[in-house]
Number of protein chains: 2
Amino acid sequence: MSEKTEAAPTKPPMRDALIAAAFQLFTERGYEQTTVDDIVTLAGVGRRSFFRYFPSKEDVVFPDHEGCLADVTAFLAAGDDADEPVQRVCDAVRLVLRMYTENPAFSVQRYRLTKQVPGLRAYELSVVWRYERAFAEYLRGRLAGRRDGALQADVAAAAVAAAHNNALRSWLRSDGEGDVGTEMDHALGYVRSAFGAPPSDAERTEDVVVLVSRRGAPLWRVVQEIEATLGED
Amino acid sequence: MSEKTEAAPTKPPMRDALIAAAFQLFTERGYEQTTVDDIVTLAGVGRRSFFRYFPSKEDVVFPDHEGCLADVTAFLAAGDDADEPVQRVCDAVRLVLRMYTENPAFSVQRYRLTKQVPGLRAYELSVVWRYERAFAEYLRGRLAGRRDGALQADVAAAAVAAAHNNALRSWLRSDGEGDVGTEMDHALGYVRSAFGAPPSDAERTEDVVVLVSRRGAPLWRVVQEIEATLGED
């Protein structure tokens with residue numbers, strides 16, 4: 001996705017000017033009290049220009065999600081059978097994180113706005129749902145041969161989205177301070193461990209695990225002990 | 001929640017008449033083409049009666065979710081420390097399933113309607129999100145002492161909701177045919193296994209010991225640690 005910063009032609013200055021004008025007004029007078037007319041007047045363009053870029057006032061609040069969703073879908077489609085499926089989805093969700101971290105001040109501003117306006121909260125839920133469906137569709141394809149493949153795909157997709165949101169919201173609540181990349185790795189690592197996907201090479205270095213188990217111990221107890229032991233590091 | 005069928009006083013006939021009239025019109029002429037005036041005319045009541053029961057036209061499509069959300073929250077709050085947390089949430093989500101299975105024909109009709117109307121889809125996502133938040137809040141409380149408790153709570157809550165939706169939607173797609181209760185048990189069983197929650201008391205008998213050692217540790221040290229660990233029992 002290093003092409004993203006080179007993709008300037010798809011983000012013309014007028015679009016950026018409209019976003020800037022919209023957020024200035026949302027901050028000054030509130031989201032509900034700002035009309036599309038107010039936004040285009042401040043940006044110095046006509047109404048038709050606004051609607052060329054944004055179907056509605058809500059869409060200007062989330063200007064990069066459509067592009068990011070397309071990036072995520074393309075990234076998943078570009079994978080091959082050698083990719084561990086849940087790992088691939090974890091890598092895809094990092095593209096969403098990057099959209100937020102590319103402009104922390106804007107992301108924090110939007111987070112505060114979304115918390116205040118129920119309509120934007122609903123819009124955001126529908127966006128999150130679309131990412132989750134993209135993850136689930138990819139995983140359903142990859143796990144198609146497995147018993148319960150669709151179930152496992154849906155659950156893993158929801159788990160990745162939830163872990164991402166946990167780390168992202170924690171960072172947004174703290175005004176974009178702190179190392180969200182490390183927090184995200186940790187959160188996604190938890191999901192991978194829960195679904196039995198092997199850890200990344202970086203984590204597969206020194207440690208050896210010796211397991212001593214009583215005959216007849218259920219698998220969940222074995223997994224629980226391994227997790228508890230590894231967690232002590 | 002066996003009290004639910006006895007709670008008739010909270011579901012007066014006028015409310016049921018409004019729901020029936022609304023769904024008759026939604027089916028005959030479509031959701032968007034039906035106004036609240038159309039609904040109250042068919043039901044033979046005034047507009048104020050409609051708004052006494054439903055804040056908006058969307059709410060009449062999901063008449064039982066507020067009550068069910070209250071039931072779920074109360075059920076979780078009534079648990080105690082002996083409950084395995086994820087198991088408790090799995091039991092809570094069965095209350096949601098029961099709301100759907102109490103009236104399969106209505107649930108299937110609503111499912112088809114929701115798929116056709118984007119506004120209703122958004123409404124449903126916000127309802128699902130509220131259940132998921134109720135699960136997460138409960139789990140955050142129960143896992144508060146754990147490292148990563150909030151992360152684990154959010155991920156497990158999302159996983160339970162996803163498993164529930166997988167089984168529920170499969171049943172709704174097949175027009176309410178088949179044994180959704182068994183499918184739901186299976187789906188929730190998968191979530192419990194993924195998150196290491198104990199399936200039942202019967203399996204909580206034998207113990208497991210885990211040792212983590214650095215690669216290159218001499219064998220005598222490994223054996224010593226195994227002996228020391230087993231000796232702790």
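Participant: Sorry, what's going on with the nonpolar core here?
Facilitator: Generally speaking, nonpolar side chains in soluble globular proteins are found buried as a group. Of all hydrophobic cores here, the largest spans 132 residues; its most connected members are Phe135(A) and Phe135(B). Setting aside anything within four residues of it in sequence, one finds Phe135(A) in contact with Val72(A), Leu76(A), Val89(A), Ala92(A), Val93(A), Ala157(A) and Val160(A).

Participant: Is there a simple way to think about the packing of helix H6 (residues 85-101) of chain A against helix H7 (residues 104-116) of chain A in this case?
Facilitator: When two helices pack together, their arrangement is given by the angle between the helix axes and the distance between those axes. All names here are of chain A. In contact at an axis separation of 6 Å, H6 and H7 are set at 95° when each is read in the N-to-C sense. Regarding the angle of H6 to H7, the classification is roughly perpendicular. The segment H6 lies against H7, with Met-99, Tyr-100 and Thr-101 engaging Pro-104, Ser-107 and Arg-110. For the contact of H6 with H7, the per-class residue count stands at three nonpolar, two polar and one charged.

Participant: Hey, could you run me through the layout of surface pockets in this one?
Facilitator: Any space left empty among the atoms is revealed by the rolling of a water-sized probe across them. By volume, the second largest pocket amounts to about 1000 Å³. Lining of the second largest pocket is provided by 39 residues; of these, Val128(A), Glu132(A), Val128(B), Trp129(B) and Glu132(B) occupy positions nearest its centre. Those elements giving two or more residues to the lining of the second largest pocket turn out to be H7, helix H8 (118-142) and helix H9 (149-173) of chain A together with helix H7 (104-116), helix H8 (118-142) and helix H9 (149-173) of chain B. Among the elements that line the lining of the second largest pocket, the one with the most residues is H8(B), at nine residues. Classifying every residue of the lining of the second largest pocket by side-chain character gives 14 nonpolar, six polar and 19 charged.

Participant: Got a minute to help me understand the packing of aromatic side chains in this structure?
Facilitator: Any aromatic ring pair is given by two values, namely how distant the centres are and how the planes are angled relative to each other. Scanning the model with the defined rule gives 14 aromatic pairs over all chains in all. On the basis of an interplanar angle of 80° and a centroid distance of 5.2 Å, the ring pair of Phe50(A) and Phe51(A) is categorised as edge-to-face. The exposure class of Phe50(A) is buried, given its relative accessible area of 0%. Given the relative accessible area of 35%, Phe51(A) is considered partly exposed. Ring centres of Phe62(A) and Tyr123(A) lie 4.7 Å apart, and the angle between their planes is 5°; this geometry places the pair in the stacked category. Of this pair, Phe62(A) sits in the loop between helix H4 (57-61) and helix H5 (65-77) while Tyr123(A) sits in helix H8, and the two are 61 residues apart along the sequence. Its relative accessible area of 3% is what places Phe62(A) among the buried residues. Three or more aromatic residues link up through ring pairs in this structure, and these residues are Phe23(A), Phe26(A), Tyr31(A) and Phe106(A). Geometry around Tyr31(B) places Lys57(B) over its ring, the cationic atom sitting 4.2 Å from the centre. One Lys or Arg, Arg88(B), reaches over the ring of Phe75(B) and ends 3.8 Å from the middle of that ring.

Calculation rules
- Residues numbered from 1 in each chain as written.
- Chains lettered and ligands numbered in written order.
- Predicted model: local features only at pLDDT ≥ 70, side-chain atom pairs only at ≥ 80, totals over all residues.
- Heavy atoms only, no water.
- Core = buried A, V, L, I, M, F, W, Y, C linked by side-chain atoms within 4.5 Å.
- Buried < 20%, exposed > 50% of the residue type's maximum accessible area, 1.4 Å probe, protein only.
- Contact = heavy atoms within 4.5 Å.
- Axes fitted to C-alpha atoms, helices over the stretch in contact; angles between N-to-C directions.
- Helix = DSSP H or I, 4+ residues; strand = E, 2+ residues; numbered from the N terminus.
- Parallel < 35°, antiparallel > 145°, perpendicular 65-115°, else oblique.
- Nonpolar A, V, L, I, M, F, W, Y, C, P; charged D, E, K, R; others polar.
- 1 Å grid on protein atoms, 1.4 Å probe; cavity = no way out; pocket = protein on both sides within 12 Å on 5 of 7 lines; lining within 4 Å.
- Points joined across faces, edges and corners; volume = space filled by probe spheres on them.
- Phe/Tyr/Trp six-rings, centres within 6.5 Å; stacked < 30°, edge-to-face > 60°.
- Lys NZ or Arg CZ within 6 Å of the ring centre and 35° of its normal.

This is a description of form; function is not addressed.
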